[in-house]
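Remarks on the overall topology
The primary structure of each chain is shown beneath.
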Amino acid sequence: MTLADTLPMTPPVAEVSAAPDTTPLAMPAHVPPPPEPICFRGKQAYLIGIGGCGMSGIARLLASHGASVRGSDIAPSEITAALERDGLSVAFDQSSGQLPEGCDLLVASAAVKPDHPQLIEATRRGLPILSYAEALGQCMLVRTGIAVAGTHGKSTTTAMLGAALADAGMEPSVIVGATSGQLARGSLAEPATPIGHRVGSDTVPHGPLAGRPGFLVAESCEFNRSFHHYRPLIASISSVEADHLDVFGSLDEVVRAFHEFAMLIPPAQEGGRLLIAHDGAHRREVTAGLRCSVQTIGFSPQADWVIEADAPARAVTLSHGRERVAAWTMTLPGTHNAINAATALALGTMAGADPAILARSLAAFTGIDRRMQFLGTRPIGPAGHGRGSVRVFDDYGHHPTEIDVTLRALRESERPEDRSARLICVFQPHQHSRTRHLLDEFAAAFSQADVVIVPPIYFVRDSQEEKLKITAADLVDRLRRRGTRAMHLHPFEAIVEQLENLCGDGDVLVVMGAGDVWKVARMFLETDDPHRHPGATTTKSPASPD
């Protein structure tokens, strides 16, 4: 018997009694029925945007279900080359609007706009058209789904869980919006080529769920309410905060979306389980009226799963009730990563995996690309004996909370002040609407940085009218008011030139943002290429989520 066999299945509704984070919302009293499953065997599927991280995973999942899969993308990449090596045909001329004659199903990336020529052609032919989220939801209908949701930590937790379940012999399929070299074989094996997917077993091989359809672990994003297309047996919600307000309009609507997602989990008597953060997830509203088992996780002794973390030592302990489940020492720094790992271990235990193996895997997990990723050491100063150096990191953070926890983790782990050095951040705001809605929160998020350089806001999804309402200079002004040394610079070449003059021996540089600011870190490193860390990447863009 495993610990999963002993976990309570009755929804502890009475225990969800923390003070509400928002005023009570009028929540729906019913759950929509799942869509009719699509039989993919024999289908001629075509994927627009097949080179995306998530879309390439969908392509392989559809192929594993018996579909013949082709697709298109804007340009060749390492991901499209890997697809072609695996026998999937990829085209790069999307402007003609051509689709294969036998195509009878089209899947479109979230980045595909309504006027895309191939989407127009599919509509003209009357073909069934699925979004990325709908296609992933269809795959989950015929698998045992584990959905990892929350405003923050989704990608890292999903990759941690996928790798740990692989190490535990559970053979999961995994879809995550980032790449990891440990996803294919697990964290306890030699790293492989970084990927954002894994195709596992058709059935759960062992444990209390043995014989059920194989696990599908999926990062479950709230943007555009995408996660409402999923039907997981087990799910987690790590945090609920104001974000994507261009879609939701208010925090109340964000909370409502998470509640509606949680309502999709089956009843407790059918095995449905939700793991939700004890604090910071508006759990009273999110869990109201749920039929599934609800358990909480956090640092509070009142949580069902209690985390203890010694951040400087990177030591983590997870207990369930009064029983210690596992203890391990993290490779990754940061309290937020301790939470991510503890969440992954709790989910893996619920799925029936051995907690001891999960803990060993999580201890060996080295992270995913663009999440506090160490790129290399850049020599600084005149050539010759006694040159100094700068340690360079890349991070995807684009929400105030993500920025704050990442900067704190870097200061804690790198300790630049011990050598009279600084933590320098280049941050590219992502979306004008997000920057405007959360301007004060952004201004407060950089307290751990000694210098902040802000390029123009990355323009995506917003209207031209929204673009005129705020600029990067507004954020710089707020930062300066709070006493942070900040400057607005562009283009990227000017930022790199400023870094050449600004950075000193022992400094730590982190380049942050969800747009194309990753190029700054690569450009800065490329100016002294022979000294780069072997894992540094300078020529390709990080994979897009879908």
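Each remark here, short or long, concerns the structure printed above.
Residues numbered from 1 in each chain as written. Predicted model: local features only at pLDDT ≥ 70, side-chain atom pairs only at ≥ 80, totals over all residues. Heavy atoms only, no water.

So, unusual backbone geometry
Most peptide bonds adopt trans geometry, and most residues besides glycine take a negative phi value. In the segment running from His490 into Pro491, the intervening peptide bond is cis, with an omega of 0°. Position of Pro491 relative to the elements: it lies in the loop between β20 (485-488) and α17 (492-502). A positive phi angle is found at Arg314, which is not glycine, with a value near 60°. Mapped onto the elements, Arg314 comes out in the loop between β13 (305-310) and β14 (315-320). Even without being glycine, Met372 reaches a positive phi, approximately 50°. Its location among the elements puts Met372 in the loop between α11 (355-364) and β16 (373-380). (Helix = DSSP H or I, 4+ residues; strand = E, 2+ residues; numbered from the N terminus.)

As for the sheet that holds β16
Overall, mixed pairing links the six strands, which are arranged β16-β17-β21-β18-β19-β20 in an open sheet. What marks the edges here is a single partner per strand, and that holds for β16 and β20. Averaged over all neighbouring strand pairs, the angle between strand axes comes to 20°, with direction disregarded. Pairing between strand β18 (residues 423-427) and strand β19 (residues 451-454): three bridges, direction parallel. (Pairing = 2+ DSSP bridges. Axes fitted to C-alpha atoms, helices over the stretch in contact; angles between N-to-C directions.)

Comments concerning the packing of helix α2 (residues 53-64) against helix α5 (residues 132-141)
In the contact formed by α2 and α5, the axes pass within 10 Å of each other and the chain directions differ by 35°. In this structure, the crossing between α2 and α5 has a hand that is left-handed. In this structure, α2 contributes Gly54, Met55, Ile58, Leu61 and Leu62 to the contact, and α5 contributes Tyr132, Ala135, Leu136 and Cys139. Grouping the amino acids of the contact of α2 with α5 by side-chain chemistry returns eight nonpolar, one polar and no charged. (Left-handed = near helix turned anticlockwise from the far one by under 90°. Contact = heavy atoms within 4.5 Å. Nonpolar A, V, L, I, M, F, W, Y, C, P; charged D, E, K, R; others polar.)

Focus: the packing of helix α6 (residues 154-167) against α11
Where α6 meets α11, the axes come as close as 8 Å, and the angle between the chain directions of the two elements is 130°. Classified by the interaxial angle, the pair formed by α6 and α11 is oblique. Relative to α11, α6 is oriented so that their crossing is right-handed. Seen from α6, the contacting residues are Met160, Ala163, Ala164, Leu165 and Asp167; seen from α11, they are Ile357, Leu358, Ser361 and Leu362. Classifying every residue of the contact of α6 with α11 by side-chain character gives seven nonpolar, one polar and one charged. (Parallel < 35°, antiparallel > 145°, perpendicular 65-115°, else oblique.)

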